[in-house]
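Residue strings, one per chain:
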Amino acid sequence: MDRPRDMAAIAALAPVVPVLTIERVADAVPLARALVRGGLRVLEITLRTGVALEALRAIACEVPDAVVGAGTVLNAQQLDQARQAGARFVVSPGCTPALVTAALASELPFLPGVQTVSEAMVLAERGISLLKFFPADTVGGLGWLKAVAAPLAGVRFCPTGGIGPDTAPAYLSLANVACVGGSWVAPRNAVVAKDWAAIERLAAAAANLKQP
Ligand code: 3PG
């Protein structure tokens with residue numbers, strides 16, 4: 001299978017990146033398979049549970065069509081743990097100079113979070129021009145993205161946070177949006193019930209949303 005090596009190539013694989021917080025490692029592979037069957041190949045596993053790295057490793061080993069990455073990466077140590085578990089990319093909710101340096105040294109595709117124009121400018125100066133806009137719905141949403149399109153002409157975003165099936169199309173219609181992230185394609189109750197068919201249906205609907 002292809003192994004996209006930069007974040008823009010990964011973002012181009014699907015309009016929606018499921019943000020997954022996995023509580024039982026046994027759920028990881030069937031959940032990933034359901035999402036991939038639905039057409040969503042790029043999966044973000046948040047490092048917020050005790051089994052997150054094990055879940056990431058299982059998906060990396062057993063679901064070859066998935067492009068699995070780690071989310072909620074806050075520091076260089078977590079970045080290294082994610083890389084060792086097989087992460088193909090890493091996502092952070094914000095950014096620190098140390099994390100940016102570690103990510104660039106690792107050569108792992110990196111999607112750092114920003115909320116402000118200045119944060120975006122600092123990252124663009126370091127060669128990172130695809131950014132997570134987080135928490136999108138809370139800090140300006142569509143209006144913010146439209147307002148920065150001209151001044152930050154070389155920057156594109158993956159808005160995440162508070163986005164759902166009703167609002168995702170408007171985000172995806174913007175030229176400076178590469179894809180959106182969200183947890184709505186894998187609702188906790190469906191995962192607890194192991195309702196993989198329902199998750200596949202949600203993924204299929206999300207995969208059919210327009211990608212710029
Ligand atoms: C997160 O970090 O939980 C993501 O931003 C997902 O946000 P959402 O649950 O609002 O989609």
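Residues numbered from 1 in each chain as written. Predicted model: local features only at pLDDT ≥ 70, side-chain atom pairs only at ≥ 80, totals over all residues. Heavy atoms only, no water.

Asks: Help me understand the site of the ligand, please; the structure alone is not making it clear to me.
Replies: Around the ligand, the surrounding shell consists of Val-19, Arg-48, Phe-134, Thr-160, Gly-161, Gly-162, Gly-182 and Ser-183. Side-chain polar atom of Arg-48 to an oxygen atom of the ligand: 2.4 Å apart, as the coordinates give it. The contact in question runs from an oxygen atom of the ligand to an N or O atom on the side chain of Ser-183, over 2.5 Å. Within the complex, the protein chains bury 76% of what would otherwise be the 310 Å² of accessible surface of the ligand. (Near = heavy atom within 4 Å. Polar contact = N/O pair within 3.5 Å; in protein donor to acceptor, adjacent residues only side chain to side chain. Areas by Shrake-Rupley, 256 points an atom, 1.4 Å probe, with all protein chains shown as cover.)

Asks: Got a minute to help me understand the sheet that holds strand S8 (residues 156–159) in this structure?
Replies: Think of a sheet as strands paired side by side through backbone hydrogen bonds, with each pair either parallel or antiparallel. Taken in spatial order, the three strands of this open sheet run S6-S7-S8, and their pairing is parallel. Across the chains shown, the open sheet's two edge strands, defined by having one partner strand only, are strand S6 (113–114) and S8. Alignment of strand S7 (residues 130–133) against S8, held across four bridges, turns out to be parallel. By the bridge assignment, Leu-131 is partnered in S8 with Phe-157. Along the sheet face, helix H7 (residues 141–148) touches S7 and S8 and points at about 175° away from the line of S8. (Pairing = 2+ DSSP bridges. Helix = DSSP H or I, 4+ residues; strand = E, 2+ residues; numbered from the N terminus. Contact = heavy atoms within 4.5 Å. Axes fitted to C-alpha atoms, helices over the stretch in contact; angles between N-to-C directions.)

Asks: Hey, could you run me through the side chain of Thr-160 in this one?
Replies: Tracing the backbone shows Thr-160 in the loop between S8 and helix H8 (168–172). Setting aside residues no more than four positions away along its own chain, Thr-160 makes contact with Val-19, Lys-132, Phe-133, Phe-134, Pro-135, Ala-136, Gly-181 and Gly-182.

Asks: Could you clarify how one ought to interpret the packing of aromatic side chains in this entry?
Replies: Aromatic rings in a pair are described by how distant their centres are and how their planes are angled relative to each other. In the structure shown here, the tally under the stated rule is three aromatic pairs. With a centroid separation of 4.1 Å and 15° between ring planes, the pair formed by Phe-133 and Trp-144 is classed as stacked. Pair noted here: Phe-133 is in strand S7 and Trp-144 is in helix H7, with a separation of 11 residues, a long-range link. Just as Phe-133 is buried, Trp-144 falls in that class too. Between Phe-133 and Phe-157, the aromatic rings sit 6.4 Å apart at their centres with planes inclined by 70°, giving edge-to-face as the arrangement. Of this pair, Phe-133 sits in strand S7 while Phe-157 sits in strand S8, placing them 24 residues apart in sequence. For the pair Phe-133 and Phe-157, one class covers both residues: buried. (Phe/Tyr/Trp six-rings, centres within 6.5 Å; stacked < 30°, edge-to-face > 60°. Buried < 20%, exposed > 50% of the residue type's maximum accessible area, 1.4 Å probe, protein only.)

Asks: In this structure, what is going on with the pattern of salt bridges? I would like to understand it.
Replies: Close approach of charged atoms lets side chains of opposite charge pair. Inspection of every chain in the model, using the stated rule, returns six salt bridges. Across the pair Asp-27 and Arg-24 runs a salt bridge, and its minimum N-O distance is 2.8 Å. Overall, Asp-27 belongs to the buried group, its relative accessible area being 3%. With its nearest N and O atoms 4.0 Å apart, the salt bridge here joins Glu-44 to Lys-132. Remark: Lys-132 occurs in strand S7 and Glu-44 occurs in strand S2 (residues 42–46); sequence separation between them is 88 residues. Each member of the pair, Glu-44 as well as Lys-132, is classed as buried. Put simply, Arg-24, Asp-27 and Lys-194 are held in one network by salt bridges that share partners. (Salt bridge = Lys/Arg side-chain N within 4 Å of Asp/Glu carboxyl O.)

Purely geometric stuff here, so don't read any function into it on its own.
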